[in-house]
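Below, each chain spelled out in residue letters.
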2 protein chains.
Amino acid sequence: MAVADDLRDWVDDGLTQPEHPTWALHEEGYDPRREAGVEARFTVANGFLGVRGARSVSRGPVWVSWLHGLNWASWPRTYVAGLFDTPNTIPPVPALVPGPDWLRVQLAMDGQPVMLRTGELLHHRRTLDLERGLLVTRWHHRDPDGRTIRLRALRLVSLAERALGLQVIELTVDGRPCEITLEALLESAGSGLEPMRLEPDVALWRTALSGKTVAVAHDARVRRDHTEVAPASIEPLRRRWAWRLVPGEPAIFTRLVALARGEVETADATAARARAALDRRRTQPWRGVLEAHAAAWGARWEASDVRIDGDEAAERALRFAVYQLNSAADPDDDTVSIGARALTGDAYLGHVFWDTEIYLLPFYTLTWPEAARALLMYRFHTLDGARRKAARLGYEGALYAWESAETGDEATPEEIVDPAGRSLKILCGLEEQHISADVAYAVWKYWEATGDDGFMEEAGAEIVLETARFWASRAVREDDGRFHIRRVIGPDEYHETIDDNAYTNVMAAWNLARGVEVADWLATHRPRTRRRLERALGLGRAELAEWRAVDSGLVTGFDPASGLFEQFQGYFGLEDVPRADFAGRDAPADVVLGRARTQASQILKQADVVALLALLPERFEAAVHRANFAYYEPRCGHGSSLSRGLHAVVAARLGDVAMAHSYFHATAATDLSETLAASAGGIRIAAQGALWQAAVLGMGGLRIDAEGLAIRPNLPAAWERVVFHARWRGRRVAVEAHREPPRVNLRLVEGPPCTVRVGERRVELEAGVPRTVALG
Amino acid sequence: MAVADDLRDWVDDGLTQPEHPTWALHEEGYDPRREAGVEARFTVANGFLGVRGARSVSRGPVWVSWLHGLNWASWPRTYVAGLFDTPNTIPPVPALVPGPDWLRVQLAMDGQPVMLRTGELLHHRRTLDLERGLLVTRWHHRDPDGRTIRLRALRLVSLAERALGLQVIELTVDGRPCEITLEALLESAGSGLEPMRLEPDVALWRTALSGKTVAVAHDARVRRDHTEVAPASIEPLRRRWAWRLVPGEPAIFTRLVALARGEVETADATAARARAALDRRRTQPWRGVLEAHAAAWGARWEASDVRIDGDEAAERALRFAVYQLNSAADPDDDTVSIGARALTGDAYLGHVFWDTEIYLLPFYTLTWPEAARALLMYRFHTLDGARRKAARLGYEGALYAWESAETGDEATPEEIVDPAGRSLKILCGLEEQHISADVAYAVWKYWEATGDDGFMEEAGAEIVLETARFWASRAVREDDGRFHIRRVIGPDEYHETIDDNAYTNVMAAWNLARGVEVADWLATHRPRTRRRLERALGLGRAELAEWRAVDSGLVTGFDPASGLFEQFQGYFGLEDVPRADFAGRDAPADVVLGRARTQASQILKQADVVALLALLPERFEAAVHRANFAYYEPRCGHGSSLSRGLHAVVAARLGDVAMAHSYFHATAATDLSETLAASAGGIRIAAQGALWQAAVLGMGGLRIDAEGLAIRPNLPAAWERVVFHARWRGRRVAVEAHREPPRVNLRLVEGPPCTVRVGERRVELEAGVPRTVALG
């Protein structure tokens, strides 16, 4: 059958599984208890659109009743990046609005609706094809009257053209012929969208308060044996076909959509943009869209795949992580960034945290600088929000939002009311100020790695200067003659309103030094920009001198005698709870021991001083790395999904490859373990970024600093070889690190010749000349 | 000012408060922690439409994110009776779909959106005008730039014509003139509705699976000083006006809507019906709609008001209860019934329980038989669902759904999955079978009170016969020669899968006896109907003989020696926990003691044997009443809002008027106490019905049985006089019971002469001749 052959290349299990065990994830059967987590895991996304891996055929509608009273079996959601509105909550904070669901299909056989829960599930399997960015579903179902139907379906949101979504479903009956009714819906019920204009081929919705629009242009067809079935009815949001399906003669339903996001004022233009995006592809068979998409994924994998010989589970987890990371960014939209759950779920409301700069940016900077630049430009576009926050709290410069949405204004709820009506204060939005240094750090590391002086001139310098200025106004010189930063929260959120957090202060000092450095660089290389910024920001030489003074005068809690940083003032005096009393439980330490005791103890939620070691390795001597990791690692409760990955990085760099390997797999389990409940609200994208860092920056030993590229592998016993690519200043370098005998193979894939440090050696690379460097 | 004068009669506080302290409820200020409960309490409804008392001006949009992550400050909802669909939940059960919100208004002053939470709330007061069925809001607000605005608003859904909703808002600025922008929205975001057709004056939505439609025809205007302001823009769901508002020159916004519910197949007709309902009123000033509505409320109060001299709190609580009861029913729609939270919230998903027949029907039967008939006809229309449930469980006849939605098929979820992924079995849908006898009971009491033989012939008899038949198939004759009903749940849901529950078995026997009785009545008075039903139901004489045998052979757990019913087999052997160990806590007994211990104890959740005393007082001797109440009352944990009201009824009848009074006020507190959290999902309408029963059937001592009307008051010390009306077989009787000296004044308001039993005396009543009967 021609129709079936068309699809076989794309959806048959054979292609994706036995030969490529690390290129696919599978979910067999249907378990409502696992479902919401499975849906997050099986998301297809392209940085503009994200579609959770929910079933689209014969699912029920989704809306929520007060106090639930219901349990949600499934949370089918399409997200559109940047689509924020402010719902009616305590307190009101912006949240990502669920977009229209363009995938819903209702089927009936001989007039009887096909329902997952009535009849018998003969076979149900979802496969996430990581290599080609597809979700493939196979479903074989027998209805209560004994009719059986087989579906093979795929969906994608195009990486080649981010506006596009494609759904293909092949239907087959066996046994006896049957009358099929297929309804294709565009659904926004239960979402936060109001219809604005519904035309036969373009639907336009808007948000209630923020005045954003979403247009969906759509084209859906049913084809049987090369003939198109005419629709039986056409409503704006619902199209119906009815035909007789005969055994051995499959039919194919295809739906191509194009989405556009806009503003109410320019609704016509938004609708026209969606229509134009669709029209460009409408005459093409769906295979064309699929092939362009698969080719774009191929290019991303070419640049970002990490292969690991000897540890298949690690390779699969890394491919899942890299799949999610490549799915999360959009280099063409620099007004949005990546939320804590990317576009895979609505926990944390789509808000952007330090996760993006510290956990995700290294991946983008080193494999996809175009995406990194767009993400950093989002911080530039939201600089005014950061200035407003600083001013509101009485400081100068820019204090970025701990949770950032569209404008960069602080979006952290200051208070949560629990179901019993008790109020809980959330202090992060006020006190977790290290975010400003984190953003500056990511800007700087991007600049170092790419040499993108144009970005620095246009945007990066202003971010670094304004954040440095914030720190200078934030630190206070006290009677001891030193500068202090009091009343903050560090990465370890178990301890609030603390003084002189080592992470915060060291990063602040670093930020101040970079402020001075970039001002000098501008003076030397871009004097006109320096003058423009001096005028715009009112920046004078006296202020730069002050920054230098604060940088050198900030207390950091470092004790040269022990080589230890004290995490914050008074930390060493807190109760030192033995690890056995809080670790290894299902619950985090603050639940095991209670919040009060945890706060009064040295137990930490996540990498704090250890994060400092991970971020600024060149700043500290080896002994300092060792002493601090040895002190803080056993005291960490890992109460955040961000924690273990950075521990893996630092452990690997310290040569403790067994511990690094263990932390690597613990990080890999974040969204790939059998217990899926915590993933229901979305994939923990920062943990995926940290997993990549553990493999490439930790075990792979890749480092980029002011001097350039350096590699010093730290392979665990199970890893025979790790292979990855890195981009650096217009070059792409392929790296293969072997464990036995220890060596590194290098190849300059593109770009001009360069020097790479491997271990203690310097290696000159030029295109087309592979180099092997023996180690130790 | 003409505009202001128009409104003053309706919204000024003066009218509703000081002279009529029991005719209004007030909520001062705005407390987000109270808000959801306040909204349920301040619902306006007419049995077809229910609108929660949420703020309509400048509220944010409502949609829900996975795992919330947000706290809902407000749950603005319009419900349309009978609008069910089945959302995508575990397990999938039908739920009332939130309808379109036709009240939302967004205001801006000089281009700045007016927001409750920015600026200063100078005054905010909502008043529920019980007498006229209005929600009146006064709001005085200063925005962050110092502009102030005053709003006086009212809303109603018409009791005169249930399709209609009216919203009136008067706007005034003081200080300086200002540019007002007012947007009037029709909103369905966050609801379970999809737009089907949006035209300038009629919007049509549909449900996803159940194929129901809702049409909203709407007409909105802004008037200033007798001139209409032309809209600045018109979209189907959003209309905007902009004008200059000058101090001393108020403007009035009015919006009249008409809603219709229908099916997708007849969408045009539904839209036309909404349009026609609106057109009938469109040319009339809004005062006409208001006056017709207020007149309809006047008529309902005439028939159902309960006055209490000496206990103002009791009178206010009763008026609130009677307000909610009159708001909940629609005599013109016999395809719907009243859910556990009526149309005031979506807890329990709009499902109909025994609450309706046992707790609400007495009010309707005795004050509003037209509404009672419609509610019972809903059970007739869902008889097939009850037959399906009986057949599915292997029984004959009709077993009504424990939770009933549109079709009468069982809608109780069989399993709930908690957030930790644990499954909890819900057995009520399988085991709480007394519902079938409860429905038959309500049918019978309605027939007794109204003499509506037409209803009995058309519908009631079939319900009584089919439920009797169920019990005959359900009871099993065992080796002891007696009939048993095993594996049930009685009203006391702390004890599951029990045998021979006294409530269930006595009600089943009563149901069987009524089955025989109605068959005899049909044979004598309606032989043609008897023959029709014999044919249709396959009902023969042998089956009736079997019913008699089961009736007389059913074990009831009654012990003639002690006069006690054993609540179920083995109950007396359970642990007898002292009352002090579980009562008087904030939490119910099963939380205080744990579920396992509660199940193994004699503690009961709610009236069970006591409910039997309340329902069938004539069946038991005074000593049996006393013995059972004395035994069970101290063992009841009142873990249900249904419990205390029936205890008040029975205590009053037993002459323990102090205890009755205490239970009365505890019942009144259900939705009127300061702690509102439990009302958030809606008013507990059954408790309101029980409150009315406590006042009229308990303290008022009204009883209707086969012999007619009887009155034997039991007034508590605080109640000097209680005044109420009762309808009985075409008559309306006004009753005044005085405490000192004890006497009853009677007046036949309408209908033919009749005899009323007062205490031990029989009094002949005829129209226009008041009678006073002195008591003991």
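Residues numbered from 1 in each chain as written. Chains lettered and ligands numbered in written order. Predicted model: local features only at pLDDT ≥ 70, side-chain atom pairs only at ≥ 80, totals over all residues. Heavy atoms only, no water.

1. A look at the packing of aromatic side chains
With the rule as written, the count across this model stands at 54 aromatic pairs over all chains. Note on phenylalanine 572 of chain A and tyrosine 631 of chain A: the rings are 5.3 Å apart at their centroids and 80° apart in plane angle, and the pair reads as edge-to-face. Here phenylalanine 572 of chain A, found in the loop between β28 (564-565) and α16 (589-592), pairs with tyrosine 631 of chain A, found in helix α19 (residues 622-632); they are 59 residues apart in sequence, far enough to count as distant. According to the relative accessible area criterion, phenylalanine 572 of chain A is partly exposed, its value standing at 35%. The buried category is assigned to tyrosine 631 of chain A, whose relative accessible area is 17%. Summarising the aromatic geometry, the rings of tryptophan 241 of chain B and phenylalanine 253 of chain B are spaced 5.8 Å apart at their centres and angled 70° between planes, so their arrangement reads as edge-to-face. With tryptophan 241 of chain B in strand β20 (residues 238-245) and phenylalanine 253 of chain B in strand β21 (residues 251-263), this pair connects stretches of sequence that are 12 residues apart. Like phenylalanine 253 of chain B, tryptophan 241 of chain B is buried. An aromatic cluster is present here, built from Tyr348, Phe353, Trp354, Tyr359, Trp402 and Tyr503 of chain A joined pairwise through their rings. Lying over the aromatic face of tyrosine 30 of chain A, arginine 55 of chain A brings its terminal NZ or CZ to 5.9 Å of the ring centre. (Phe/Tyr/Trp six-rings, centres within 6.5 Å; stacked < 30°, edge-to-face > 60°. Helix = DSSP H or I, 4+ residues; strand = E, 2+ residues; numbered from the N terminus. Buried < 20%, exposed > 50% of the residue type's maximum accessible area, 1.4 Å probe, protein only. Lys NZ or Arg CZ within 6 Å of the ring centre and 35° of its normal.)

2. Some points on the pattern of salt bridges
All names here are of chain B. According to the stated counting rule, one finds 139 salt bridges over all chains in the structure shown. The salt bridge partner of arginine 104 is glutamate 187, with a shortest N-O separation of 2.7 Å. Of this pair, arginine 104 sits in the loop between β7 (95-99) and β8 (105-109) while glutamate 187 is found in the loop between β14 (178-185) and β15 (193-198), placing the two residues 83 residues apart along the sequence. Glutamate 187 carries the same exposure label as arginine 104, and that label is buried. Note that arginine 373 and aspartate 452 form a salt bridge whose closest N and O atoms lie 3.0 Å from each other. (Salt bridge = Lys/Arg side-chain N within 4 Å of Asp/Glu carboxyl O.)

3. Overview of the interface of chain B and chain A
Counting from both sides, the interface comprises 66 residues of chain B and, opposite them, 67 residues of chain A. Taken together, the two surfaces of chain B and chain A that pack against each other cover about 5700 Å², and 62% of this comes from carbon and sulfur. Counting the contacts that link chain B with chain A gives two salt bridges. Across the pair glutamate 415 of chain B and arginine 33 of chain A runs a salt bridge, and its minimum N-O distance is 2.5 Å. The interface formed by chain B and chain A holds 11 residue pairs in polar contact (both at pLDDT 80 or more) in total. Elements that contribute at least two residues to the side of chain B that touches chain A include exactly α3 (32-41), β4 (71-72), β6 (89-90), β7, β15, β16 (202-207) and β23 (415-417) of chain B. The biggest single contributor to the side of chain B that touches chain A is β15 of chain B, with five residues. Here the residues of the side of chain B that touches chain A are counted per class, giving 34 nonpolar, 18 polar and 14 charged. (Contact = heavy atoms within 4.5 Å. Buried area = accessible area lost by both parts, 1.4 Å probe. Polar contact = N/O pair within 3.5 Å; in protein donor to acceptor, adjacent residues only side chain to side chain. Nonpolar A, V, L, I, M, F, W, Y, C, P; charged D, E, K, R; others polar.)

4. Some remarks on helix α8 (residues 369-381) of chain A
All names here are of chain A. In this model, α8 (13 residues) spans 18 Å end to end at C-alpha, consistent with the 18 Å of a helix rising 1.5 Å per residue. For α8, the full list of buried residues reads Pro369, Ala371, Ala372, Ala374, Leu375, Leu376, Met377, Tyr378 and Arg379. Residues of α8 that are buried in the fold lie against α7 (355-367), α9 (383-392), α11 (435-450), α12 (453-474) and β31 (721-728). (Expected span 1.5 Å × (residues − 1).)

5. Points about the side chain of aspartate 608 of chain B
Along the polypeptide, aspartate 608 of chain B turns up in the loop between α17 (595-599) and α18 (609-615). The contact partners of aspartate 608 of chain B, leaving out residues within four places of it in the chain, are Gly490, Pro491, Asp492, Asn501, Tyr503 and Gln567 of chain B.

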